[in-house]
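Residue-level structural notes
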Amino acid sequence: MAKETNKGPQKTNACRLLDAAAISYDLIPYEVDENDLSCQHTAAVLGEDIDCLFKTLVLKGDKSGHFVCVIPGAMEVDLKKAARVSGNKNCDLIPMKELLPLTGYIRGGCSPIGMKKTFPTFIDETCLLWEKIYVSAGQRGLQFRLAPQDLIRYCSLTVCDLTL
């Protein structure tokens, strides 16, 4: 059996969704350190400003159930702000063991694009300061670089203040 040659990173489901929607993006592979899945590490490996790398967090509210916050990599989500914008009184991050069954993604590879279900999703307003931002392409070691307006429009994101 012939060995398949690798011609760049393999397309993820999130890639196929953006392709189908004719959304322009760059697919940026990087070396993963399984012991350091932080955005700080990813930014350093990519040689990018950490503030243009956005991480995808899944939360559960006391009224609305699950929702998603996309925030700058060096920041922490403000749970009070997240609860307020999502229509909840309280919210918290979901336990890590719930991430894969709920979204189809693992820690370090959770993308706001192409989750198993559509959840209300909020993105921090600082995304608008950048011409392009990075978000996970749906697997560890792979990032999208795309215009924040395209991401906002495609995922029907609500832009708001989410960080401490």
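Below you will find a few notes about this structure. Keep in mind that what you see is a predicted model, and the values were worked out from it rather than measured. (Residues numbered from 1 in each chain as written. Predicted model: local features only at pLDDT ≥ 70, side-chain atom pairs only at ≥ 80, totals over all residues. Heavy atoms only, no water.)

**Considerations on the sheet that holds strand β1 (residues 26-29)**
Under the convention used in this document: Two strands are counted as paired when DSSP detects at least two bridges linking them. Helix and strand assignments follow DSSP, with helices taken as H or I runs no shorter than four residues and strands as E runs no shorter than two, numbered in order from the N terminus. An axis is simply a line fitted to the C-alpha atoms; with a helix, the fit covers only the stretch in contact. Between two such axes, the angle follows the N-to-C directions and lies from 0 to 180 degrees. Every residue pair with non-hydrogen atoms within 4.5 Å of one another is taken to be in contact.
Read across the sheet, 3 strands follow the order β1-β7-β6 without closing on themselves; strand pairing throughout is antiparallel. Every interior strand has two partners, whereas the edge strands, β1 and β6 (133-139), have only one. Across the sheet, the mean angle from the axis of one strand to that of its neighbour is 35°, orientation sign disregarded. Inspection of the sheet shows β1 paired to strand β7 (residues 142-146) by 4 bridges, in the antiparallel sense. Bridging across to β7, Asp-26 finds its partner in Arg-145. Sheet strands touched by helix α1 (residues 13-20): β1, β6 and β7. Its angle to β7, the strand with the most contacts, is close to 25°.

**Here we look at the packing of aromatic side chains**
Quick note on the threshold: A pair of Phe, Tyr and Trp rings is counted when the ring centres sit within 6.5 Å of each other, with Trp represented by its six-membered ring. The angle between the planes then sorts it: under 30 degrees is stacked, over 60 is edge-to-face, the rest tilted. When accessible area is computed with a 1.4 Å probe and restricted to protein chains, residues below 20% of their type maximum are described as buried, those above 50% as exposed, and intermediate ones as partly exposed.
All chains considered together, the criterion is met by 2 aromatic pairs. Here Tyr-25 and Phe-144 contribute two aromatic rings whose centre-to-centre distance is 4.9 Å and whose plane-to-plane angle is 75°, an arrangement assigned as edge-to-face. Of the two residues, Tyr-25 is situated in the loop between α1 and β1 and Phe-144 in strand β7; the sequence distance between them amounts to 119 residues. Accessibility assignment for this pair places Tyr-25 and Phe-144 in one class, buried. Judged by centre distance (5.9 Å) and plane angle (85°), the ring pair of Phe-67 and Phe-122 falls under edge-to-face. Highlighted residues: Phe-67 in strand β3 (residues 65-72) and Phe-122 in strand β5 (residues 121-124), separated in sequence by 55 residues. The exposure classification of Phe-67 matches that of Phe-122, with both residues buried.

What is shown is where atoms sit, not what they do.
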